[in-house]
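Letter by letter, the chains look like this.
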Amino acid sequence: MYEIQPEDAELLKHFRTTTTKNRPLKLNRLLNRLRMEPMAGKQVIVCTQPYSEYAIGTLGAGRGDPVALAPQRYAKLADAQWALLKIRWAIHSPYPWPSDLD
């Protein structure tokens with residue numbers, strides 16, 4: 001399994017500035033690593049109002065269990081994706097979130 005390296009923090013800058021198909025291979029490798037976790041308790045993006053409001057949710061322990069939504073809401077999908085990236089970085093990376101990205 002890919003291990004997160006200190007220099008991977010530099011790749012996070014490309015997350016907001018590139019489209020999915022134009023992302024560097026190293027960034028895709030990092031994102032795939034951050035997405036690898038069991039479904040139970042996994043953080044996901046939930047659309048609470050179509051095309052206008054998003055929230056971060058935590059999946060339940062089993063299929064069909066309710067998703068626990070965080071109180072924070074985002075008007076743009078990109079903002080919710082950025083928030084989820086921060087959460088997953090904190091869970092999986094032994095390195096702190098780069099201060100210049102806030």
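Everything here concerns the structure above.
Residues numbered from 1 in each chain as written. Predicted model: local features only at pLDDT ≥ 70, side-chain atom pairs only at ≥ 80, totals over all residues. Heavy atoms only, no water.

Student: Give me helix α2 (residues 25-35): which residues, what numbers.
Tutor: Of all the positions in α2, only Leu27, Leu30, Leu31, Arg33 and Leu34 are classed as buried. All buried residues of α2 fall inside an arc of 160 degrees around its axis, so they share one side. For α2, the secondary structure elements touched by its buried residues are α1 (8-17) and α3 (77-92). (Buried < 20%, exposed > 50% of the residue type's maximum accessible area, 1.4 Å probe, protein only. Helix = DSSP H or I, 4+ residues; strand = E, 2+ residues; numbered from the N terminus. Arc of directions from axis to C-beta. Contact = heavy atoms within 4.5 Å.)

Student: With reference to specific residues and values, describe the sheet that holds strand β3 (residues 68-74).
Tutor: Ordered in space as β1-β2-β3, the three strands form an open sheet in which the pairing is antiparallel. Two strands lie at the open edges of the sheet, namely β1 (43-49) and β3, each paired on one side alone. Neighbouring strand axes in the sheet, compared pairwise and without regard to direction, differ in orientation by 35 degrees on average. Sheet analysis places β1 next to strand β2 (residues 53-58), joined by six bridges and oriented antiparallel. Along β2, the bridge assignment pairs Ile45 with Ile56. Lying on the sheet, α3 is in contact with β1, β2 and β3; it crosses β1 at an angle near 160 degrees. (Pairing = 2+ DSSP bridges. Axes fitted to C-alpha atoms, helices over the stretch in contact; angles between N-to-C directions.)

Student: Outline the packing of aromatic side chains, supporting the account with residue identities and numerical values.
Tutor: Summed over all chains, the structure comprises three aromatic pairs. Here the aromatic rings of Phe15 and Trp82 are separated by 6.1 Å at their centres, their planes lie at 35 degrees, and the arrangement is tilted. Highlighted residues: Phe15 in helix α1 and Trp82 in helix α3, separated in sequence by 67 residues. Measuring from ring centre to ring centre gives 6.4 Å for Trp89 and Trp97, while their planes differ by 80 degrees; the resulting arrangement is edge-to-face. A relative accessible area of 1% places Trp89 in the buried class. Through successive ring pairs, a cluster of aromatic residues spans Phe15, Trp82, Trp89 and Trp97. (Phe/Tyr/Trp six-rings, centres within 6.5 Å; stacked < 30°, edge-to-face > 60°.)

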